[in-house]
Amino acid sequence: MTTPHARRNTVRLSRLLFIGITTSLLGILAGIVPDFTAQQPSLIFSNAARADEFSDTDLRNYAAALMQIEPLRQSTLAQVSRANNGSLPNLVCNQPNTMEALNSEARSLFIRYCNQCESIAASRGLSIERFNQITQAVRSNPQLQNRVRSFMN
């Protein structure tokens, strides 16, 4: 039986992992992240957003969050892999069942990562929903990719 606190942490972890993986995919698609060592999952988004829906402030905050999250993602994946005897399953924050193959140390590292990603997005004034809307739009819009990239320089 799970406690309300445990369920709340699982939901929070799920959201954070989703942010981290989404960020990685954005990096791959936008060409802003040069090296990845782990497989990335495919994500399906349900909410479409137009590129003109995003202000420069939104995109500046998004770019800043990406730049903080990506090094953390790479480091965490390496730590999780080492802690899990070299095994790195396809992990997604908003899908707690993806963590079932992790041992307790690796799971703890990954949960911490998800929590940190949520904090990073929030510190930049972005809700998870807004962060994911921007990610979806950037994935499909080269002009928006360029706008985000310009804020990363």
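This one's a predicted model, so the numbers in the text were calculated from it and none came from an experiment. Just so you know, the residues in each chain are numbered from 1, in the order the chain's sequence is written. Per-residue local features are limited, in this predicted model, to residues with pLDDT of at least 70; the limit for side-chain atom pairs, both in listing and counting, is 80 or more; totals at the level of whole chains, interfaces and linings are taken over all residues. Calculated side-chain values reflect all of the structure's heavy atoms, with hydrogen atoms and water omitted.

(A) Region of the structure containing helix H3 (residues 104-123). Secondary structure counts use DSSP, requiring at least four H or I residues in a row for a helix and at least two E residues in a row for a strand, with both numbered from the N terminus. Expected span of a helix: the number of residues minus one, times 1.5 Å. Here H3 contains 20 residues, and its C-alpha end-to-end distance of 28 Å stays within 8% of the 28 Å for a straight helix at 1.5 Å per residue. Classification of residues uses two cut-offs on accessible area relative to the type maximum, computed with a 1.4 Å probe and protein chains only: under 20% is buried, over 50% is exposed, and between them is partly exposed. Of the positions making up H3, those classed as buried are Ala-106, Leu-109, Phe-110, Tyr-113, Cys-114, Cys-117, Glu-118, Ile-120 and Ala-121. Any pair of N or O atoms that falls within 3.5 Å is considered a polar contact. Within protein, one atom must be able to donate a hydrogen and the other to accept it, and sequence-neighbouring residues count only if both atoms are side-chain atoms. Where H3 starts, the residue carrying a side-chain oxygen 3.1 Å from the main-chain nitrogen of Glu-105 turns out to be Asn-103. Looking one or two places after H3, you find Gly-125, whose phi comes out positive at around 80°.

(B) Just the packing of helix H4 (residues 128-140) against helix H5 (residues 142-152), in detail. Here an axis means a line fitted to C-alpha atoms, over the contact stretch when the element is a helix, while the angle between two N-to-C directions is reported on a 0 to 180 degree scale. At their nearest, the axes of H4 and H5 sit 5 Å apart, and the two run at 120° to each other. Crossing geometry of H4 relative to H5 is assigned as left-handed. Where H4 approaches H5, its residues Ala-137, Val-138, Arg-139 and Ser-140 are matched on the opposing element by Pro-142, Leu-144, Gln-145 and Val-148. Under the scheme applied here, ten amino acids are nonpolar (Ala, Val, Leu, Ile, Met, Phe, Trp, Tyr, Cys and Pro), four are charged (Asp, Glu, Lys and Arg), and all others, including Gly, are polar. When the residues that make up the contact of H4 with H5 are grouped by side-chain class, the tally is five nonpolar, two polar and one charged. For any helix crossing, the convention is left-handed if the near helix is rotated counterclockwise from the far helix by under a right angle, and right-handed if that rotation is clockwise. Here, residues are in contact when the closest pair of their heavy atoms is within 4.5 Å.

(C) Broad picture of the side chain of Asp-58. Considering the arrangement of structural elements, one finds Asp-58 in helix H2 (residues 56-83). Relative accessible area serves as the criterion here: at 17%, Asp-58 is assigned to the buried category. Beyond its immediate sequence surroundings of up to four residues, Asp-58 is in contact with Glu-53, Leu-126, Arg-130 and Ile-134.

(D) Region of interest: the environment of Leu-77. Summarising the element assignment, Leu-77 is placed in helix H2. Taking the C-alpha atoms as reference points, Leu-77 and Leu-88, 11 residues apart in sequence, are found 7.6 Å from one another.

(E) Quick look at the pattern of salt bridges. A carboxyl oxygen of Asp or Glu within 4 Å of a side-chain nitrogen of Lys or Arg is what we treat as a salt bridge. Summed over all chains, the structure comprises three salt bridges. The shortest N-O distance in the salt bridge between Arg-147 and Asp-56 comes to 2.9 Å. Taken together, the positions of Arg-147 in helix H5 and Asp-56 in helix H2 put the pair 91 residues apart, joining distant regions of the chain. The class for Arg-147 is partly exposed, based on a relative accessible area of 28%.

(F) Examining the packing of H2 against H5 more closely. Where H2 contacts H5, the two axes come as close as 8 Å, and the packing angle between them is 65°. As H2 runs across H5, the sense of the crossing is right-handed. Across from Asp-56, Leu-59, Arg-60, Tyr-62, Ala-63, Leu-66 and Met-67 in H2, the residues of H5 making contact are Leu-144, Arg-147, Val-148, Phe-151 and Met-152. Of the residues contributing to the contact of H2 with H5, the split by class is nine nonpolar, no polar and three charged.

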